[in-house]
Amino acid sequence: MTGRPDAPPTDLSPPARVDHAAAAVAAWMRHRFLLLLLAVYAVAVAVPWPGMWLREREFLTDGMPLTRVLLTVLLFNAGLAVSAKGLSESFGRPQVLVFAVFLRFLIAGAVALFAAATLPAAMGGVVIGLTLMAVVPAAGSSPAWTHASGGLVSTSLGIVAVSTLCGPIAGSLLFGLVGPFLAGDHQEVSTQLVARLASAQVVGWILLPPVAGAALRSLLGEERVRGGKPWISLINLVLLLVLIYAFAAASMRQVLVDGRYGLLATAAVAAALMAGVNFAAGATLGWRRGRDRGERVALLYGIGMQNNGVAMLIGGMALAADSPAFLPMIAHALVQHLAAGTAATLLERRGGDGNE
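Since we're looking at a predicted model, the values are computed, not measured.

**Notes on the nonpolar core**
Then, number 1: Residues Tyr41, Leu132 and Met329 are the most contacted members of the largest nonpolar core, which totals 85 residues.
Then, number 2: Counting residues per element, this core draws most heavily on helix 13 (residues 229-257), at 13 residues.
Then, number 3: Dropping the residues within four chain positions of it, Tyr41 is found in contact with Ile244, Ala248, Met252, Ile330, Ala333 and Leu334.
Then, number 4: Within the second largest apolar cluster, 11 residues are counted, among which are Trp145, Met305, Ala340 and Ala344.

**Things to note about the packing of helix 9 (residues 153-178) against helix 15 (residues 293-304)**
Then, number 1: As a packed pair, helix 9 and helix 15 sit with axes 8 Å apart at the nearest point and diverge in direction by 30°. As summarised for this structure, helix 9 and helix 15 are arranged roughly parallel, according to the angle between their axes. Seen from above, helix 9 lies across helix 15 with right-handed handedness. Residues Thr155, Ser156 and Ile159 of helix 9 lie in contact with helix 15, whose contacting residues are Glu295, Ala298, Leu299 and Gly302.

**Description of the packing of aromatic side chains**
Then, number 1: Applying the stated criterion across every chain, the model contains 1 aromatic pair.
Then, number 2: Ring centres 6.4 Å apart and planes at 90° place the aromatic pair Phe279 and Tyr301 in the edge-to-face group. Highlighted residues: Phe279 in helix 14 (residues 261-289) and Tyr301 in helix 15, separated in sequence by 22 residues. Like Phe279, the residue Tyr301 is buried in the burial classification.

**Re a nonpolar patch on the surface**
Then, number 1: A surface patch of nonpolar side chains, amounting to about 290 Å² of accessible area, comprises Val43, Val47 and Trp49.
Then, number 2: For Val43, a relative accessible area of 41% gives the class partly exposed.

**So, the side chain of Ser163**
Then, number 1: Mapped onto the elements of the fold, Ser163 is located in helix 9.
Then, number 2: On the accessibility criterion, Ser163 (0% relative accessible area) is buried.
Then, number 3: Side-chain polar atoms of Ser163 contact the backbone oxygen of Ile159, separated by 2.7 Å.

**Focus: the packing of helix 14 against helix 17 (residues 326-350)**
Then, number 1: Interhelical geometry of helix 14 versus helix 17 gives an angle of 40° and a closest axis separation of 8 Å. As the angle between them shows, helix 14 and helix 17 are arranged oblique. Remark: the crossing between helix 14 and helix 17 carries right-handed chirality. Where helix 14 approaches helix 17, its residues Leu263, Leu264, Ala267, Ala268, Ala271, Ala272, Met274, Ala275 and Phe279 are matched on the opposing element by Leu327, Pro328, Ala331, His332, Val335, Gln336, Ala339 and Ala340.
Then, number 2: Its residues placed into classes, the contact of helix 14 with helix 17 shows 15 nonpolar, 2 polar and no charged.

Thresholds, definitions, all that
- Position numbers for residues count from 1 along each chain, tracking the sequence in the order it is written.
- Only residues with pLDDT of at least 70 get local features here, since the model is predicted, and only at 80 or more are side-chain atom pairs given and counted; chain-wide, interface and lining totals rely on the full set of residues.
- Only heavy atoms go into the side-chain values, all of them from the structure, while hydrogens and water stay out.
- Buried Ala, Val, Leu, Ile, Met, Phe, Trp, Tyr and Cys residues that are joined via side-chain atoms within 4.5 Å together make up what is termed a nonpolar core.
- For every residue, the accessible area obtained with a 1.4 Å probe (protein chains only) is divided by the maximum for its type, and the residue is called buried under 20%, exposed over 50%, and partly exposed between those limits.
- Secondary structure is summarised from DSSP: a helix means a run of H or I of at least four residues, a strand means a run of E of at least two, and numbering begins at the N terminus for each.
- The criterion used for residue contact is that any of the two residues' heavy atoms lie within 4.5 Å.
- The axes used here are C-alpha line fits, helices contributing only the stretch in contact, and every angle between their N-to-C directions lies in the interval 0 to 180 degrees.
- Each angle receives one of four descriptions, namely roughly parallel if under 35 degrees, roughly antiparallel if over 145, roughly perpendicular if within 65 to 115, and oblique otherwise.
- Helix crossings get a hand from a simple test, with the near helix turned counterclockwise from the far one by less than a right angle marking a left-handed crossing and a clockwise turn marking a right-handed one.
- Whether two aromatic rings pair depends on their centres lying within 6.5 Å, for rings of Phe, Tyr and Trp, where Trp uses its six-membered ring; planes under 30 degrees apart make the pair stacked, over 60 edge-to-face, and the rest tilted.
- Like charges are joined within 9 Å and nonpolar side chains (Val, Leu, Ile, Met, Phe, Trp, Tyr) within 5 Å, but only among residues with over 30% relative accessible area and no salt bridge; these make up the patches.
- For the area figures, the Shrake-Rupley method with a 1.4 Å probe applies, and any residue is considered shielded solely by the protein chains shown.
- Any carboxyl oxygen of Asp or Glu within 4 Å of a side-chain nitrogen of Lys or Arg constitutes a salt bridge here.
- Pairs of N or O atoms are called polar contacts if they sit within 3.5 Å, as long as, within protein, a hydrogen donor faces a hydrogen acceptor (for residues adjacent in sequence, only side-chain-to-side-chain pairs).
- Note that Gly is not counted as nonpolar here; it falls among the polar residues with everything else outside the nonpolar set of Ala, Val, Leu, Ile, Met, Phe, Trp, Tyr, Cys and Pro and the charged set of Asp, Glu, Lys and Arg.

Read these as layout, nothing more, since geometry by itself doesn't imply function.
In structure tokens form, the structure reads like this:
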């Protein structure tokens, strides 16, 4: 995952040259994504006003937040990147998918429950953010990491699909367990989030965009979509950074202005703990149940990575813009990509093409 993209060849036609340039920029961003994330956090603290404006901006006149529209595009692109063949292949071993999704919810939920039982009442916002992170689907970027490490992309796609379907149920159960540990306003927010997770509106926002993207892929054909893949990748990277900036601007700025460094440190440690145990669980299940290297790699990323964008979307429906509940989500975005990059480096050193 290192190195500089090659310059566009001079013998390409203008459209092909533009596509090659988009691919080069996307590759450059992927290779330096951790540095870009750090830069986004720094800008969110130093210049928060554009991000706060973006959080408050509505799309057209129907009252839908612009950040929700941006996430919808992300989810749509995720569906556009999924081939029908790959998705059908992902259900070739349904018992592995179901067990993987069950394990990722169980492990992440245990971390959230541990935090709820041990942290003081003042840290209730951190607990809420962790709980929400525990029940969101697998990250849309996990198939990309799987592919980059020579893993079985179809299995990764299956984990994303099954975890998306099971998320509302897992959310209702986990928030029900965490709720008694919360006090006052935090308990009320927890109840609101349970209602949001179970609502047809939220389920529709999470499921319909990728389904629409997959349908468009079928209409356009594999070759046309493959030709636009550099642009899809570039747009997704930019949108993810913009969304993280928008949600980080209010939360991080307010915490630092108030001098609540302990809260920020607690959120970062908790996010690191959740990412660490998720990746450890993914590695363990892959080693124990994976039939070959490709499936082991897919289980590592599919269980290890959470969809930060979906967590922020749902949180934005029930939380104040400067809620500390966003801090674990923001910190987790950095930690999980650091863990994914480390895993990719280790897998590359071990070698193999995933076809053992």
